[in-house]
Amino acid sequence: MSGYDIGLVGLDIDGTLLNSQHQITPRTRAAIEAAIARGCRVIPATGRPLRGVPKAFLDIPGVEYAVTANGASVVRTATGEIVLKYWMDRQLVQQAFQAAKGLYRVFDVFIAGSGYSQVDNLAVAEEWAPRGMAEYMRQSRQPVEDIEDFIARQEGFEKCTMFFLREEDRQAARRIIEGMGCFEAVTSEENNLEISAKGVNKGRALLDLGQRLGLAQSRVMACGDSENDLAMLKAVGLGVAMGNAPEHIQKAADRVTATNDEDGVALALERYVLGR
């Protein structure tokens, strides 16, 4: 038996749950199913919108919730009901859009479980999307004619994402956004910057969900590999970094498991939830 008594596990998707072929391996799926059968809730905790969470994960019986958009929304997966929301208003998103204009190649927004991106950008996603993710961008984003005009007609936003062609532009945009004092800015891919309302992150959402479910912080576990997982790994009772995570992410975690190509999530679930 595990000595951790974990009741809720949040799993990052890219670089964590999925291997380099963007797959959930049979061993990882089996470990998730076994943990759920043990009475532990295992859920996505991702920067993706609900629309972008792999169906292969959501279809596992017992995956009841999802922390999406870097913690801006907690969704009941069966119905799409948003049970917790930490959104930005239109004015904040417009401020970010204008402040970094000329630095980013693409600016998109997440609203109520879907991403929205300008149609002409989606057509050439190979030019700006992170490696191997152009098709994912087209699947997870709905096309709009003009993103600035679209933003002006919306109310609540989960997050916005900027994609860059040059690292110096990304760093410059980050300095600007962070200097404004009203945003959280993190990265999850080699060329992006993800922007949420101040104080919003996966860790806050996961712990708030745990509280709703009657679970103390000590009974909440998370696995992640990127900067947008850092707050979550620090916040939960047991933060597990992937073996492929950068060194500073590993040092911030309570434990380190194997890489996403070595069934690191399965190993963590087997050890800390199933007690094998």
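Above this text you will find the structure in question.
In this report, the structure presented in the accompanying data block is examined. Since we're looking at a predicted model, the values are computed, not measured. Each chain carries its own residue numbering, running from 1 in the written order of its sequence. Selection of residues for local features in this predicted model requires a pLDDT of at least 70, selection of side-chain atom pairs for listing and counting requires 80 or more, and totals for whole chains, interfaces and linings are taken over all residues. With hydrogens and water stripped out, all remaining heavy atoms of the structure feed into the side-chain values.

Examining the pattern of salt bridges
The line we're drawing: Salt-bridge detection follows one rule: a side-chain nitrogen of Lys or Arg within 4 Å of a carboxyl oxygen of Asp or Glu. Labels follow the DSSP assignment, with helices taken as runs of H or I lasting at least four residues and strands as runs of E lasting at least two, numbered in each case from the N terminus. Exposure classes here rest on a 1.4 Å probe applied to the protein chains alone. A residue is buried below 20% of its type maximum, exposed above 50%, and partly exposed in between.
Following the criterion strictly, the structure yields 24 salt bridges and no others. Put simply, K251 and E247 hold a salt bridge, and the shortest N to O gap is 3.2 Å. Taken as a pair, K251 and E247 lie in helix α11 (residues 247–252) at a separation of four residues, close to a single helical turn. Using a relative accessible area of 65% as the deciding quantity, one classes K251 as exposed.

Topic: the environment of R153
Operational definition: In the analysis that follows, any N or O atom pair within 3.5 Å is treated as a polar contact, provided that within protein one partner can donate a hydrogen and the other can accept it, and provided that, for residues neighboring in sequence, both atoms belong to side chains.
Turning to its location among the elements, R153 is positioned in the loop between α7 (147–152) and β10 (156–157). A residue is classified by how much of its surface remains accessible, and R153, at 52% relative accessible area, is exposed. When the C-alpha positions of R153 and P143 are compared, they lie 15 Å apart, and in sequence the two are ten residues distant. At 3.1 Å, the side chain of R153 forms a polar contact with the side chain of D149.

Structural notes on the environment of A30
Tracing the chain through its elements places A30 in helix α2 (residues 26–37). On the basis of relative accessibility, which here comes to 40%, the residue A30 falls in the partly exposed class. A C-alpha to C-alpha distance of 9.9 Å links A30 and I60, two positions 30 residues apart in sequence.

Regarding the nonpolar core
The nonpolar side chains of a soluble globular protein tend to be buried, and buried together. Note the cut-off: We call a set of buried residues a nonpolar core when its members are Ala, Val, Leu, Ile, Met, Phe, Trp, Tyr or Cys and they connect through side-chain atoms within 4.5 Å of each other.
Counting 55 residues, the largest nonpolar core has V74, F107, V109, I151, M162 and L206 as the members making the most contacts within it. One finds V9, A35, C40 and Y272 within the second-largest nonpolar core, a separate group that totals 28 residues.

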